[in-house]
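Breakdown of the fold
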Amino acid sequence: MPSFKYLFGPVPSRRFGLSLGVDLMPRKTCTLDCIFCEVGPTTHRTLSRKEYVPTEAVLKELAAWFALNLKADFITVTGSGEPTLHTRFGDVLAAIRAHGQVRSALLTNSTLLHIPEVRTAAALADVVKVSLSAWDQDSFAAITHPSTGVEFDLLVDGLRKFRQDFSGELWMEVFVVPGLNALRNQVEAIAALARTIRPDRVQLNTAVRPTAQQNVPSLSEPQLRSLAGYFTPAAEVIARFAPGGVPMHDSPRRSASAEPGARSGLRHADKSAVRAMLQRRPCTVEDVAHAFALSREEAETMVRELVGQHVVRAEVRNGETYYLGG
Ligand code: SF4
């Protein structure tokens, strides 16, 4: 198995099944600095688009991964910041499309979709997952701490224009934070805006894993579910809750197509692959075990070694211990 610098996983994801990640951005470079970001605080907040990582190297890694003939349900362009800041993200989506065996997904915060060439490139994805957790500039600023020059009205306009031209699936995530956007009239305002964009799916999330800003509050499962009906189509709750309604880790599920073995996208972990995953998303020991088809004991040993090397640290949230790289 070759080692990859820009690809990570594949990891089982609740939204995307077995998902191979493509990271086009150095950590942590984004147009926003969302209080709930799981990657951590934004250290480089910018609107400047450029080729942040060498596209040819990314395409070479993708070709090498395709040659392994492994399984994945999605190849997801995402990572340590906002991928549409990369001027050639469309070339990566085009390469996935040309291969033709795995669907592609683009995860974007929507801030650059007002730019026509960004919309053209984004339309090469099979699924585009956008974010909309605010209803006006003030609520947007309170939640996302945007770069100077990011205008909420322009963002919404870009989303509407993208929907008009995009024939693939548009999924919209709404991240709900008590005290900022969780009141009934606030959620109704977000839902009214969302209707003008016409997403195929709406997904409600709340702070379950460790977030960029400490102590971001979360909603309970009944509270989150009570908001689902405001949206069209009715929103799905993607935050994962324990049977008692307590938020817990978004434990990855094994995709129907993810069967352990030589043909599976899942692979026995090496420490660098586990570290690469933890740098992009806080995970529990169980998440690591599921993602890499390890026993819990094997995953725990690997994570403990990374903690001992001071490249990963532990953080407790909602009674669960998460491990984060940095
Ligand atoms: S949640 Fe997404 S948009 Fe917000 S700071 Fe993190 S990477 Fe950027």
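The text that follows walks through the structure, step by step, so that each part is easy to find.

Calculation criteria
Residues numbered from 1 in each chain as written. Predicted model: local features only at pLDDT ≥ 70, side-chain atom pairs only at ≥ 80, totals over all residues. Heavy atoms only, no water. Buried < 20%, exposed > 50% of the residue type's maximum accessible area, 1.4 Å probe, protein only. Helix = DSSP H or I, 4+ residues; strand = E, 2+ residues; numbered from the N terminus. Pairing = 2+ DSSP bridges. Expected span 1.5 Å × (residues − 1). Arc of directions from axis to C-beta. Near = heavy atom within 4 Å. Nonpolar A, V, L, I, M, F, W, Y, C, P; charged D, E, K, R; others polar. Phe/Tyr/Trp six-rings, centres within 6.5 Å; stacked < 30°, edge-to-face > 60°.

**Some remarks on the pairing of strand β2 (residues 17–23)**
Within β2, seven of the seven residues are buried, which leaves it mostly tucked inside the rest of the structure. Relative to β2, strand β1 (residues 7–13) is paired through five bridges, and the arrangement is antiparallel. Within β2, the position partnered with Pro12 by the bridge is Leu18. Once β1 ends, the chain turns through three residues before running back antiparallel as β2. Bridge analysis of β2 against strand β5 (residues 74–78) gives five bridges, and the strand direction is parallel. Paired with Ser19 across the bridge in β5 is Phe74.

**Observations concerning helix α5 (residues 152–165)**
It helps to recall that an α-helix has 3.6 residues per turn; residues three or four apart then point in one direction. For α5, spanning 14 residues, the distance from its first C-alpha to its last is 20 Å, which sits close to the expected 20 Å at 1.5 Å a residue. Here α5 has its buried residues at Phe152, Leu155, Val156, Gly158, Leu159, Phe162 and Arg163. Buried residues of α5 fall within an arc of 155° about the axis and therefore sit on the same side. When the buried face of α5 is taken as reference, the exposed residues oriented beyond 90 degrees from it are Asp153, Gln164 and Asp165.

**Quick notes on the site of the ligand**
The environment of the ligand is made up of Lys28, Cys30, Leu32, Asp33, Cys34, Cys37, Thr42 and Asn109. When grouped by side-chain class, the residues that make up the shell around the ligand number four nonpolar, two polar and two charged.

**Considerations on the packing of aromatic side chains**
Within the structure shown, the criterion is met by six aromatic pairs. With centroids separated by 5.1 Å and ring planes inclined at 75°, the aromatic side chains of Phe16 and Phe74 adopt a geometry described as edge-to-face. Of this pair, Phe16 sits in the loop between β1 and β2 while Phe74 sits in strand β5; the two residues are 58 residues apart in sequence, bridging distant segments of the chain. The pair formed by Phe16 and Phe74 is uniform in burial state, with each residue classed as buried. Measuring from ring centre to ring centre gives 6.1 Å for Trp65 and Phe66, while their planes differ by 65°; the resulting arrangement is edge-to-face. The exposure class assigned to Trp65 is buried, which follows from its relative accessible area of 2%. The class of Phe66 is buried, set by a relative accessible area of 14%. Cluster of aromatic residues (ring-pair linked, three or more members): Phe16, Phe74 and Trp171.

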